[in-house]
Amino acid sequence: MNVFHDSISTTVEMSSTEAQVAHATSKRFKFERDVAGAKSARIQRAWVSVDLPEGQDLSFIASVDVTMKHPDTGEILHLVTGGGFKPGESVKELEVLYGEDIRDMVRDQRVTLDWDVQPNLLYRGFSEEEQMLALRFGIVLEIEVP
């Protein structure tokens, strides 16, 4: 079996004030490999980590959802999700919800993904001074070629 992997990653930056309300962002990505001629392309795994500031953890987040709109039907597809972030946790695997082939949603090696980050309303760890936060997301595709 000829299996290859391709990945996309992005950083979602927000201030500590913005992190206390729902935060949504949409980004367009280009895969290195053209999946059109592949036998299949599926999301293998996904993760989230917090980069900044030093010592910050993921517990300020209640949940993260990554979706995409099917380019032909307009249907919203739930790709990955995560929640239950604990104090001290700075990296966490996200649950893959969409295990089906995504080749028909990739156009010209590109996809547009939407991130929805919901705040933990009980979190009280931010200082009074506004801080900048950076969440890094990664998604790995497993591509099987004939």
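Look a little higher up for the structure.
Residues numbered from 1 in each chain as written. Predicted model: local features only at pLDDT ≥ 70, side-chain atom pairs only at ≥ 80, totals over all residues. Heavy atoms only, no water.

Chemist: Break down the overall build of the chain for me, with residues and values.
Modeler: In terms of regular secondary structure, the chain is built from 0 helices and 8 strands. The C-alpha radius of gyration computed for the chain amounts to 16 Å, which stays within 12% of the reference 15 Å derived for 146 residues, consistent with globular compactness. Taken along the three principal axes of its C-alpha coordinates, the chain extends 55 × 30 × 20 Å. Put simply, the chain has 146 residues, and 44% of those count as buried. Taking contacts inside the chain between residues at least 6 apart in sequence as the whole, the part at least 24 apart equals 79%. Carbon together with sulfur atoms contributes 47% to the accessible area of the chain, which is approximately 8,000 Å² in total. Taken together, the 15 basic and 25 acidic charged side chains of the chain have centroids lying 6 Å from each other. (Helix = DSSP H or I, 4+ residues; strand = E, 2+ residues; numbered from the N terminus. Rg over C-alpha atoms; globule rule 2.2 N^0.38 Å. Buried < 20%, exposed > 50% of the residue type's maximum accessible area, 1.4 Å probe, protein only. Contact = heavy atoms within 4.5 Å. Areas by Shrake-Rupley, 256 points an atom, 1.4 Å probe, with all protein chains shown as cover. Lys, Arg positive; Asp, Glu negative; His and termini not counted. Charge placed at Lys NZ, Arg CZ, Asp CG, Glu CD.)

Chemist: Talk me through the nonpolar core; I want residue IDs and the actual numbers.
Modeler: Among soluble globular proteins, nonpolar side chains are generally buried collectively. Counting 40 residues, the largest nonpolar core has Phe-60, Ile-61, Leu-79, Leu-113, Leu-135 and Phe-137 as its most contacted members. When residues of this core are assigned to their parent elements, the largest contribution, 6 residues, is made by strand β8 (residues 132-145). Those residues within four positions of Leu-135 in sequence are excluded, and the remaining contacts are Thr-10, Thr-11, Val-12, Met-14, Ser-49, Val-50, Leu-58, Phe-60, Ile-61 and Val-117. (Core = buried A, V, L, I, M, F, W, Y, C linked by side-chain atoms within 4.5 Å.)

Chemist: Any details on the side chain of Thr-11? Residues and values, ideally.
Modeler: Its place among the elements puts Thr-11 in strand β1 (residues 2-15). A polar contact of 3.0 Å, which involves the side chain of Thr-11, links it to the side chain of Arg-136. Filtering out sequence-adjacent residues up to four positions away, Thr-11 remains in contact with Lys-27, Ala-134, Leu-135 and Arg-136. (Polar contact = N/O pair within 3.5 Å; in protein donor to acceptor, adjacent residues only side chain to side chain.)

Chemist: Lay out the environment of Arg-110 with the relevant residues and their values.
Modeler: The topology assignment puts Arg-110 in strand β7 (residues 110-119). In this structure the C-alpha to C-alpha distance between Arg-110 and Lys-30, which are 80 residues apart in sequence, comes to 4.3 Å. The contacts of Arg-110, once residues within four sequence positions are left out, are Arg-28, Phe-29, Lys-30 and Met-105. Within the structure, Arg-110 has its side chain in polar contact with the side chain of Asp-108 (distance 2.8 Å).

Chemist: Let's hear about the packing of aromatic side chains: which residues, and what values?
Modeler: Tallied over the entire structure, the rule returns 5 aromatic pairs. Plain terms: the ring middles of Tyr-123 and Phe-126 are 4.9 Å apart, the flat faces sit at 70° to each other, and that makes the pair edge-to-face. There is no split in this pair, since Tyr-123 and Phe-126 are both buried. A network of ring pairs unites the aromatic residues Phe-29, Trp-115 and Phe-137 as a single cluster. Over the ring of Phe-85 we find Lys-92; its NZ or CZ atom is 5.3 Å from the centre of that ring. (Phe/Tyr/Trp six-rings, centres within 6.5 Å; stacked < 30°, edge-to-face > 60°. Lys NZ or Arg CZ within 6 Å of the ring centre and 35° of its normal.)

Chemist: Describe unusual backbone geometry, naming the residues involved and giving the relevant values.
Modeler: Trans is the prevailing form of peptide bonds, just as negative phi is the prevailing case for residues other than glycine. One non-glycine residue, Asp-108, adopts positive backbone phi at about 55°. Within the chain, Gln-109 stands out as a residue other than glycine whose phi angle is a positive 65°. Relative to the elements of secondary structure, Gln-109 occurs in the loop between β6 (91-96) and β7. Accessibility expressed as a relative area gives 18% for Gln-109, which makes it buried.

Chemist: Tell me about the environment of Leu-135, and please be specific about residues and values.
Modeler: Tracing the chain through its elements places Leu-135 in strand β8. In sequence terms Leu-135 and Val-50 are 85 residues apart; their C-alpha atoms lie 4.6 Å from each other.

Chemist: Now, about the pattern of salt bridges: what can you tell me, with residues and values included?
Modeler: With the rule as written, the count across this model stands at 5 salt bridges. Asp-101 is paired through a salt bridge with Arg-103; the nearest N and O atoms lie 2.8 Å apart. (Salt bridge = Lys/Arg side-chain N within 4 Å of Asp/Glu carboxyl O.)

Chemist: An account of the side chain of Thr-10 is requested, with residue identities and associated values reported.
Modeler: Along the chain, Thr-10 turns up in strand β1. Note on Thr-10: relative accessible area 7%, which makes it buried. A distance of 2.8 Å separates polar atoms of two side chains, one belonging to Thr-10 and the other to Lys-27. Excluding residues within four positions of it along the chain, Thr-10 makes contact with Lys-27, Phe-29, Trp-115, Leu-135, Arg-136 and Phe-137.

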